[in-house]
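Spelled out from the first residue to the last, the chains are:
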Amino acid sequence: MNLTLRVWRQKGPQDKGRMVSYQVTDVSPDMSFLEMLDMLNERLTLEGEEPVAFDHDCREGICGACSMVINGTAHGPQKLTTTCQLHMRTFSDGDTIDIEPWRAKAFPVIKDLVVNRGAFDKIIQAGGFISAPTGSAPEAHSTPVPKADADEAFDAATCIACGACVAACPNGSGMLFTAAKITHLGLLPQGQPERDSRVVNMLAAHDEAGFGGCTNAGECTAVCPKGIPLTTIGRLNRDFIKASGKR
Amino acid sequence: MSLYTEGEPIRDTKAPDGPIETRWERRRFSAKLVNPANKRKMTVIVVGTGLAGGSAAATLGELGYHVKSYCYQDSPRRAHSIAAQGGINAAKNYRNDGDSVYRLFYDTVKGGDFRARESNVHRLAEVSVNIIDQAVAQGVPFAREYGGLLDTRSFGGTQVSRTFYARGQTGQQLLLGAYQALERQIAAGNVEMNARHEMLELIIVDGRARGIVVRDLVTGEITTEFADAVVLASGGYGNVFFLSTNAKGCNVTATWRAHRKGALFANPCYTQIHPTCIPQSGDHQSKLTLMSESLRNDGRVWVPKRAEDCGKPAADIPEDDRDYYLERIYPAFGNLVPRDIASRAAKNVCDEGRGVGPGGLGVYLDFADAIKRLGRPAVEAKYGNLFEMYERITGEDPYQVPMRIYPAVHYTMGGLWVDYDLQSTIPGLFVIGEANFSDHGANRLGASALMQGLADGYFVLPNTIGDYLATGSFEKVDAGHPAAIEARQQVEGRIAKLLSIKGDRTVDSFHRELGHIMWEYCGMERTEAGLTKAIELIRNLRDEFWQRVRVLGDGEGLNQALERAGRVADFFELAELMCIDALHREESCGGHFRAESQTPDGEAQRDDERFSYVAAWEYAGTGEPPVLRKEDLNFEYVHPSQRSYK
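Residues numbered from 1 in each chain as written. Chains lettered and ligands numbered in written order. Predicted model: local features only at pLDDT ≥ 70, side-chain atom pairs only at ≥ 80, totals over all residues. Heavy atoms only, no water.

Enquirer: Explanation requested: the overall build of chain A in the structure shown.
Expert: The secondary structure content of chain A amounts to eight helices and seven strands. Each principal axis of the C-alpha distribution contributes one length, and for chain A these read about 60 × 35 × 35 Å. The buried share of chain A, taken over its 247 residues, is 60%. Excluding contacts between residues fewer than 6 apart, the proportion of contacts in chain A whose partners are at least 24 apart in sequence is 68%. Just so you have it, chain A exposes about 9400 Å², and 51% of that area is on carbon and sulfur atoms. (Helix = DSSP H or I, 4+ residues; strand = E, 2+ residues; numbered from the N terminus. Buried < 20%, exposed > 50% of the residue type's maximum accessible area, 1.4 Å probe, protein only. Contact = heavy atoms within 4.5 Å. Areas by Shrake-Rupley, 256 points an atom, 1.4 Å probe, with all protein chains shown as cover.)

Enquirer: What exactly am I supposed to notice about the overall build of chain B here?
Expert: Looking only at helices and strands, chain B has 17 helices and 23 strands in total. In summary, chain B has a C-alpha radius of gyration of 24 Å against a globular reference of 26 Å for 646 residues, a match within 12%. Overall, the C-alpha framework of chain B stretches about 75 × 60 × 50 Å when taken along its three principal axes. Burial statistics for chain B: of 646 residues in total, 67% are counted as buried. The contacts in chain B between residues at least 6 apart in sequence include a share of 74% that link residues at least 24 apart. Summed over all atoms, the accessible surface of chain B reaches about 21800 Å², with 48% contributed by carbon and sulfur. Once the 75 positive and 86 negative side-chain charges of chain B are each reduced to a mean point, those two points are 3 Å apart. (Rg over C-alpha atoms; globule rule 2.2 N^0.38 Å. Lys, Arg positive; Asp, Glu negative; His and termini not counted. Charge placed at Lys NZ, Arg CZ, Asp CG, Glu CD.)

Enquirer: Just to check I follow, could you spell out the UniProt feature "active site" (unreviewed entry) in chain B for this structure?
Expert: All names here are of chain B. UniProt tags Arg339 as "active site" (unreviewed entry). For Arg339, the location among the structural elements is in helix α9 (residues 339-351). Relative accessible area serves as the criterion here: at 7%, Arg339 is assigned to the buried category. Not counting residues up to four positions away in its chain, the partners in contact with Arg339 are Phe155, Gln272, Ile273, His274, Pro275, Glu293, Arg296, His410, Arg444 and Gly446. (UniProt positions renumbered as here; feature names shortened; annotations may be inferred.)

Enquirer: Looking at this structure, how should I read the sheet that holds strand β16 (residues 363-366) of chain B?
Expert: Residue and element names in this part refer to chain B. The sheet built from five strands is open, its strands ordered β13-β17-β16-β14-β15 with antiparallel pairing. At either end of the open sheet lies a strand with only one pairing partner, and these are β13 (271-277) and β15 (322-323). Of the strand pairs in this sheet, strand β14 (residues 300-304) and β16 are connected by three bridges, and their pairing is antiparallel. The residue bridging Arg300 from the neighbouring strand is Asp366, located in β16. (Pairing = 2+ DSSP bridges.)

Enquirer: Help me understand the sheet that holds strand β6 (residues 163-164) of chain B in this model?
Expert: To summarise the sheet geometry, strands pair through backbone hydrogen bonds and adopt either a parallel or an antiparallel arrangement. Read from one edge to the other, the open sheet built from three strands follows the order β4-β6-β5 (chain B), with strand pairing classed as antiparallel. On the outer flanks of this sheet lie β4 (88-89) and β5 (152-153) of chain B, each paired with one strand and no other.

Enquirer: Looking at this model, I keep getting lost on unusual backbone geometry. Mind explaining?
Expert: Excluding glycine, a negative phi dihedral is what most residues carry, and trans is how most peptide bonds are arranged. Residue and element names in this part refer to chain B. In this structure, Ser473 follows Gly472 across a cis peptide bond, with omega equal to 5°. Residue placement: Ser473 occurs in the loop between α12 (449-469) and α13 (482-501). We note that Arg167 has phi near 40°; this positive angle belongs to a residue other than glycine. Secondary-structure assignment places Arg167 in the loop between β6 and α6 (170-187). Taking the relative accessible area as the measure of exposure, Arg167 reaches 37% and is therefore partly exposed. For Asn267, which is not glycine, the phi dihedral falls at a positive 45°. On the secondary structure map, Asn267 appears in the loop between β12 (265-266) and β13.

Enquirer: Would you take a moment to explain the state of the cysteines for this structure?
Expert: Any covalent bond linking the sulfur atoms of two cysteines counts as a disulfide. All told, the structure shown has zero disulfides over all chains when counted by the stated rule. The thiol sulfur of Cys66(A) is not disulfide-bonded, and the nearest other cysteine sulfur, from Cys84(A), lies at 3.9 Å. The cysteine Cys269(B) is free of any disulfide, with Cys522(B) supplying the nearest cysteine sulfur at 6.4 Å. A relative accessible area of 0% places Cys269(B) in the buried class. (Disulfide = S-S within 2.5 Å.)

Enquirer: Can you walk me through the nonpolar core in this structure?
Expert: Proteins that are soluble and globular tend to have nonpolar side chains buried together. Counting 209 residues, the largest nonpolar core has Ile88(B), Phe142(B), Leu232(B) and Met518(B) as its most contacted members. When residues of this core are assigned to their parent elements, the largest contribution, 15 residues, is made by helix α16 (residues 560-584) of chain B. Not counting residues within four places of it along the chain, the set of residues in contact with Phe142(B) comprises Ala150(A), Ile88(B), Ile132(B), Ala135(B), Val136(B), Leu150(B), Phe164(B), Tyr165(B), Ala166(B), Thr170(B) and Leu174(B). Listed in part, the 32 residues of the second largest apolar core include Met291(B), Leu295(B), Leu386(B) and Ile405(B). (Core = buried A, V, L, I, M, F, W, Y, C linked by side-chain atoms within 4.5 Å.)

Enquirer: Would you mind going over the layout of surface pockets with me for this structure?
Expert: Gaps left between atoms show up when a probe the size of a water molecule is rolled over them. Each pocket or cavity is described by its volume, and for the largest pocket that value is around 1100 Å³. Taken together, 38 residues form the lining of the largest pocket, with Arg167(B), Gly168(B), Gln169(B), Asn385(B) and Leu386(B) sitting closest to its centre. Counting residues per element, the ones that place at least two in the lining of the largest pocket are α3 (147-157) of chain A together with α11 (376-394) of chain B. The leading source of residues in the lining of the largest pocket is α11(B), at ten residues. Size it by volume and the second largest pocket reaches roughly 670 Å³. Along its surface, the second largest pocket is lined by 28 residues, and Gln280(B), Leu361(B), His516(B), Trp519(B) and Glu520(B) are the ones closest to its centre. (1 Å grid on protein atoms, 1.4 Å probe; cavity = no way out; pocket = protein on both sides within 12 Å on 5 of 7 lines; lining within 4 Å. Points joined across faces, edges and corners; volume = space filled by probe spheres on them.)

Enquirer: Before we go on, may I ask you to explain empty space enclosed by the protein in this structure?
Expert: Summed over the entire model, instances satisfying the criterion amount to 13 cavities of 30 Å³ or more. In this model, the second largest cavity occupies a volume close to 620 Å³. Lining the second largest cavity are 40 residues, with His56(A), Gln560(B), Glu563(B), Arg564(B) and Arg567(B) positioned closest to its centre. Listed by contribution, the elements that provide at least two residues to the lining of the second largest cavity are α1 (33-47) of chain A together with α14 (507-522) and α16 of chain B. Of the residues forming the lining of the second largest cavity, the biggest block, seven residues, is contributed by α16(B). Each residue belonging to the lining of the second largest cavity can be placed in one class, and the counts come to 14 nonpolar, eleven polar and 15 charged. (Nonpolar A, V, L, I, M, F, W, Y, C, P; charged D, E, K, R; others polar.)

Enquirer: Could you clarify how one ought to interpret the side chain of Lys347(B) in this entry?
Expert: Residues and elements named next belong to chain B. Along the polypeptide, Lys347 turns up in helix α9. Classification of Lys347 by relative accessible area gives buried; the value is 18%. Setting aside residues no more than four positions away along its own chain, Lys347 makes contact with Tyr406, Met524 and Glu525.

Enquirer: Explanation requested: the packing of helix α3 (residues 51-63) of chain B against α6(B) in the structure shown.
Expert: In a pair of packed helices, the angle between the axes and the distance between the axes together describe the arrangement. All names here are of chain B. At a minimum axis separation of 8 Å, α3 and α6 run at an interaxial angle of 35°. As α3 runs across α6, the sense of the crossing is left-handed. Contacts between α3 and α6 involve Leu51, Gly54, Ser55, Ala57, Ala58, Gly61 and Glu62 from the first element and Leu174, Leu175, Ala178, Ala181, Leu182, Arg184 and Gln185 from the second. Per-class residue counts for the contact of α3 with α6 are eight nonpolar, four polar and two charged. (Axes fitted to C-alpha atoms, helices over the stretch in contact; angles between N-to-C directions. Left-handed = near helix turned anticlockwise from the far one by under 90°.)

Enquirer: Even after reading the chapter, I still don't get the domain arrangement of chain A, so can you show me in this structure?
Expert: It is common to give the size of an interface as the accessible area lost on bringing the parts into contact. Residue and element names in this part refer to chain A. Along its sequence, chain A is organised into domain 1 (3-111) and domain 2 (117-245). The distance between the C-alpha centroids of domain 1 and domain 2 comes to 29 Å. If you look at the interface, domain 1 gives 21 residues, while domain 2 gives 19 residues. With both chains or domains summed, domain 1 and domain 2 bury close to 1400 Å², and 64% of this area falls on carbon and sulfur atoms. Of all residues in domain 1, Leu80, Ala106 and Phe107 bury the most surface against domain 2, accounting for 34% of the area lost on that side. Our enumeration of links across domain 1 and domain 2 arrives at one salt bridge. One salt bridge in this structure joins Arg117 and Asp55, with 3.5 Å as the shortest N-O distance. Connecting domain 1 to domain 2 are five residue pairs in polar contact (both at pLDDT 80 or more). Along the lines of polarity and charge, the residues of the side of domain 1 that touches domain 2 split into ten nonpolar, seven polar and four charged. (Domains from an automatic or database assignment. Buried area = accessible area lost by both parts, 1.4 Å probe. Salt bridge = Lys/Arg side-chain N within 4 Å of Asp/Glu carboxyl O. Polar contact = N/O pair within 3.5 Å; in protein donor to acceptor, adjacent residues only side chain to side chain.)

Enquirer: Please explain α16(B) as it appears in this structure.
Expert: Spacing of three or four residues puts side chains on the same side of an α-helix, whose turn is 3.6 residues. The end-to-end C-alpha separation of α16(B) is 36 Å, in line with the 36 Å expected for 25 residues at 1.5 Å each. Among the 25 residues that make up α16(B), 24 are buried, leaving the element largely enclosed by the rest of the structure. (Expected span 1.5 Å × (residues − 1).)

Here it is, written out as structure tokens:
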């Protein structure tokens, strides 16, 4: 396959940045999207042009590092798929592909396609945990958890913090990410003691980090590679109202 | 010049003797304690935030130490432990199926092919039960039964059901538990987190590890950081093979730099090759993806009996023309033989020209019988997510055509030598998780890596490091100390050198070529001639690297090619040591098969008379042959026997 790529190039946080076109030839349909970019970078290096910087690590869809808006969609055209798991057979010979970084106030661009997602860690710091210092744990079977609750908690816990939800949201909101953690911990008996303070503190950290508010656009769940449902946000809102009422 | 010299033997002086089941308790009691008021004044550096590093940093923070944590990823939550699929072993005996701490200990020593330390493995089995309690308390959503209790499964050829799991994402869920505990300590001010930072050198003052040189990967700034002790939890070195199931960023730099400064590197040739990975689809391949070993519970492995059938679609090959070779050679275990056996058998049939798929490097893993027997819905319920993942990568539907699999490098059992306290040969330098030479011997059993990482980080290191720190406090060191200045200059010099070569080959082209050499000669099967040749090839390629590598840009900001170049430079040195270690170990054991050492029927032949020891290598200087220091292994409880799966 031969393709035209239009890639966002930005030297650093202060640079304005622009789209740059590259032709890539002999792309195999079996290549992953990132392998196609590796190939471009090899060529650019030999031609004396700095390779395109992008975040990636595990390349198997679980670390959450890769983060590209492909043809206007976070992680590209395939549902429930991270950029690293997207393969070139999804595209056709002669296609033009636009590749951009996540764009959100809370995720400033560092270089080219690399952004700073440290704001997510700040939200977790505010309460995305259960306080259980090492050594303090009771015997694991002392608290049975209904299977349905455990399964639903697990579904929410599969979030990989890639940030696609934020990139897709017209408000740049991090609500789906926050709600996934609230849901995961709030469904488990171990998470009950801190349930009220967790939601209040995490939401405060969310707003402080520069994420926008949620207006139920639903774009977040549409691009989420792990399929975190919008119902988690409903749960977050209910928890928040309940917790606020107690104050 | 000979390839290595032999030095004084080495001994682990920290493990208590006496009854094995009380050794850990007695060591904890004999270890000195640090006064709680003094903990606040002590700083510990932890490099890496995977299961071992994340859990250690969180726990040390909880204990009251001041912790400085570093990772190269943009968040500690992305460390490669996150990709572990299968599960975590623990001797809970919830199934009442005869499991016990002793049985887990026994299985692990035997599974490691009698090349691990009994004391360490027993401790691992003891604390395994605490890990499950700890993770559940943190909210790790393990699989549960309808009654609400934890589910377990049997895994990787064990006969008891002791593996706890969270669907196919056990590593992710355990890591998030550790990560959340770590973030809690960051919020509390006990841990100072430095993401997108890479350790490039160790700082030693008066014989003690006192700090590290790090590069801020975003700004390019190089700084010296100091502490009372340094903990390396930087993972394994599987990426020396270029293609592996490791994340692209996994590297050996932190441990290799420490090795060059005096820490012994033990058993570098012990690597684990996982049998069920998706085969390479072409030369563009950048990494390999593991398919959970659990697939072998229901899938049948086969290749065509005749090489000329390999090009045909699987469906056109009649039953009689298929060779279900694992079932044929190992009737007792069949498709469930341990990882090393399954991997080598796949290589053998492909070497005979009977492999399938691109390049003939693949064997079928066929679910047709399972679908017939159980029905598609049942297969879907068990393996649905894996089948989807396979289809996403290969474009083939495994419900219709058999999967193709091939072995790939997955884990490295070798690493920095540590004593029972997890301290390296450099006082004050501790090494945990996959980065140390660990508890797995020559072969790691399934669901043991998560157990070891968390055992080290949550329960072992936080106890043993106190014994060292209690001998402090140590003299204050700052950036102006001659040792710090020297280490910093070494780092700056290397970076300047890499940028100044301005050659005509990319970093990746060198890395790929190195990987080919390692896979060919130091992979699943090794020979004296092959290893000797590999050492020469590696040396030549390394020289070429330093003449011809091209790294564009500068050191003043994010430069991913520069990061990779430094890591590949260290892989070259490690690769040579791996080959020397493999060459000297003239026996087949665990994950590695030495062609000259096999039984009459072609199985691995261990040589306990000559090789029942840990090979710990001492760095002797650039261009000097390394020094072999042997630690004898004694088996008081589990007596070495030949493994047989026939």
